[in-house]
Structure formats: structure tokens, C-alpha cells
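Listed below, chain by chain, are the residues.
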Amino acid sequence: MTQPLTDRHIAVLLGGPSAEREVSLTTGALCADALERLGARVSRVDPGPDVAEVLARLKPDVVFNALHGRWGEDGCVQGVLETLGLAYTHSGVLASALAMDKAKSKAVLAAAGIPVPGGGLYDRHDVARDHVMPPPYVVKPNAEGSSVGVFIVREGANGPPRELAAPDWAFGERVMVEPFVPGLELAVAVVGESNGPRALAVTEIRSSTGFYDYEAKYAEGGSIHLLPAPIPSAVRDRAMRMAELGHTSLGCRGVTRCDFRYDDINDLLVLLEVNTQPGMTPTSLVPEQADHTGVSFDRLVFWIVEDAYARVSAGGIA
């Protein structure tokens with residue numbers, strides 16, 4: 001590929017203050033390297049309280065948002081970028097805020113007819129004190145990503161996760177508790193195109209840690225990715241349709257990743273969440289699925305930037 005981004009100045013936001021800082025540093029570094037290979041002039045920005053002043057001084061043509069977690073993908077930094085009048089990658093303020101809030105995004109997805117797990121929000125101290133539903137169930141922060149602070153309470157467990165009552169708990173006072181869906185962990189990457197979102201593929205994730213937690217997502221050897229997932233074609237097609245609908249229902253743009261559980265005994269497929277800023281690390285699913293469809297990492301990064309310029313990609317990602 002030639003250098004299509006020559007003479008463009010791109011600020012890459014990476015790192016940031018969230019619990020997912022280390023992942024963001026890796027994502028941002030790899031994307032910045034790709035942008036430089038594509039000919040762009042790149043400014044790497046590890047944002048702090050003065051990020052608005054820094055960006056106003058840099059005056060980039062576009063901001064590549066490689067932040068993960070709270071503040072970076074929950075609509076906050078998107079609001080700053082909107083105020084500055086800067087083009088930026090991935091989803092906008094409302095879609096980012098909705099997708100990050102698990103309770104609100106589940107309500108929107110369910111209203112669109114997408115199967116989601118049951119459950120609800122509870123005070124973390126109540127959940128730490130006693131079972132709020134019969135095991136097995138899952139406890140997760142309502143507004144974190146990368147499976148940070150997630151617990152699975154297995155059938156026959158003596159009690160709930162006491163860690164939720166710890167003084168140093170940093171993931172909010174309300175936690176999402178939902179029934180555990182047995183079976184397979186699936187993921188689908190979606191790219192927004194001029195004629196609507198397009199799902200790329202379905203990956204089955206088999207975790208070495210028992211479930212797809214932070215270590216399984218980002219540690220070398222933490223999980224095995226089966227691509228394409230060895231599932232019936234009807235299930236594959238259903239997952240891809242649900243991912244596209246989830247992307248649309250939340251108002252997402254750019255690239256997203258949808259996470260599913262599939263109970264293959266009862267043929268139950270549920271959408272767990274839509275990630276509006278999926279990782280771009282060596283173990284991440286979106287670049288892997290793009291490569292599976294013939295799209296290199298550099299080409300994927302190029303498409304993400306072009307989408308930020310003109311929300312409608314003339315020829316799609318292919």
C-alpha cells in the first residue's frame with residue numbers, strides 16, 4: 001500500500017487514567033506505529049487533566065482514540081473532542097456512554113429484540129454480604145471494560161465474593177449481577193460501512209483461566225482463539241446478525257466488538273456487551289478477525305482513521 005496519510009497530523013490518545021491503562025498503552029503504540037508506516041505525522045498523547053489544552057495546541061487533523069475504560073470510552077473524552085471540534089475515531093458521546101453502562105445498554109439491546117442475560121444492579125455491599133440470586137451467577141462493575149473486577153460465583157459456592165466490600169474497591173458502588181450462561185464464549189467484530197454495519201467473523205475463545213478475564217484477554221497464552229468458531233452455520237449467522245443489530249441499536253460507528261455466550265445444550269445465544277473501543281493488541285480479537293477476512297492491521301487502522309474523517313467509507317473496509 002502507498003502512504004495515503006502523508007501530510008496528515010494524527011494525535012493518538014493512549015494510556016490515560018483508567019484501570020485499563022496498560023492495555024491502552026499497547027493499543028495506542030501499535031496503532032501509532034501503523035499510522036507512521038502509512039505516512040502520517042503522529043503525536044502520541046497520554047492524556048491528563050490538561051488534554052484539551054494539549055490538543056488545542058497540537059491542532060491535529062484527527063484524533064485516534066486508543067483509550068480504554070472509564071473516561072476514555074464512556075463518552076467523557078468524546079465530549080472534550082466534540083467541544084474542540086476535532087474529528088475522532090470510534091463511537092460518539094451517546095453511544096460510548098450507553099455501551100459503557102451495562103444496565104442501560106442491556107435495556108436498549110433488549111428493546112431491540114436482542115437476547116441479553118437477566119439480572120440487575122445491586123449495592124456492592126449487599127452482594128458481598130449474601131447471595132442476591134442462586135448461583136451460578138456473574139458479578140461485574142457496571143461501567144468497566146476488559147473484564148476488570150469480574151467474579152463468577154459457581155454453583156455450590158460457600159458465599160459471595162467478599163472482595164466487593166473491600167475499602168480499596170475502585171469500580172463503583174453499584175454492580176451488575178446476572179445469571180451465568182454456560183457454554184461457549186464468542187466474539188464478533190463489526191465495522192460500520194456506508195450501507196450499514198458488517199460483521200467480520202465469529203471467534204470462539206477458550207480461556208486458560210476458567211473464563212475470559214483480564215489475564216485471558218491480554219496475557220500471552222491466556223486464551224486460545226478458534227477462528228472461525230467451530231459452531232453450526234445457523235448459530236454463526238445469528239451471532240453476526242445480532243452483532244450488527246447491537247452496533248446499530250446503540251448508535252455505534254467505526255469498529256466495535258460484541259461479546260456473546262452460547263449455551264449449546266439449550267441453543268441459547270445472548271449478547272453480553274458491545275465494546276465501542278476494542279483492543280488492538282497482539283492478542284486482540286478485532287485485528288485477528290480483520291486479518292482472517294484479508295484486511296491487514298495497517299489497512300484496518302487506515303480505515304478507522306478515514307471513517308473518522310467522513311463517517312461514511314466510500315468503499316468499505318475491504
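Chains are numbered independently. Their residues run from 1 in the order of the written sequence. Where totals are concerned, whole chains, interfaces and linings use all residues; where local detail is concerned, this predicted model gives features only for residues with pLDDT of at least 70, and gives and counts side-chain atom pairs only at 80 or more. Side-chain numbers come from the whole structure's heavy atoms, not from hydrogens or water.

**Here we look at the nonpolar core**
Put simply, a nonpolar core is a bunch of buried Ala, Val, Leu, Ile, Met, Phe, Trp, Tyr and Cys residues held in one set by side-chain atoms that sit within 4.5 Å of each other. Throughout this description, buried means an accessible area under 20% of the type-specific maximum (1.4 Å probe, protein chains only), exposed means over 50%, and partly exposed covers the range between. Ranked by internal contacts, the top residues of the largest apolar core, which has 28 residues, are Leu-5, Ile-10, Val-12, Leu-35, Phe-64 and Leu-300. Segments assigned H or I by DSSP are reported as helices when at least four residues long, segments assigned E as strands when at least two residues long, and all are numbered from the N terminus. If you list the elements that add at least two residues to this core, you get β1 (9-13), α1 (21-37), β3 (62-65), β8 (184-193), α9 (285-292) and α10 (297-310). Here this core gets seven residues from one element, more than from any other, and that element is α10. Of all hydrophobic cores here, the second largest spans 26 residues; its members include Leu-98, Leu-109, Phe-260 and Leu-271.

**Points about unusual backbone geometry**
With omega at 5°, the peptide bond leading from Pro-135 into Pro-136 counts as cis. Take Pro-136: it is sitting in the loop between α6 (124-129) and β5 (137-141). Put simply, Leu-227 and Pro-228 share a cis peptide bond, and its omega is 0°. The topology assignment puts Pro-228 in the loop between β10 (223-226) and α8 (233-249). Phi angles above zero are rare outside glycine, and Asp-7 is one such case at about 75°. Structurally, the position occupied by Asp-7 is in the segment before β1.

**Regarding the packing of aromatic side chains**
When the centres of two rings from Phe, Tyr and Trp lie within 6.5 Å, Trp using its six-membered ring, the rings pair. Their planes under 30 degrees apart give stacked, over 60 give edge-to-face, and anything left gives tilted. Throughout the structure, instances matching the rule amount to two aromatic pairs. For the pair Trp-169 and Phe-171, a centre-to-centre distance of 5.0 Å together with 85° between the ring planes defines the contact as edge-to-face. Here a set of aromatic residues connected by ring pairs shows up, and it is made of Phe-151, Trp-169 and Phe-171. We call a charge positioned over a ring when the NZ of a Lys or the CZ of an Arg lies within 6 Å of the ring centre and within 35 degrees of the ring normal. Sitting over the ring of Phe-180, Arg-154 keeps its end group 5.3 Å from the ring centre. In this arrangement the basic side chain of Arg-253 is found over the ring face of Tyr-88, its NZ or CZ atom lying 5.0 Å from the centre.

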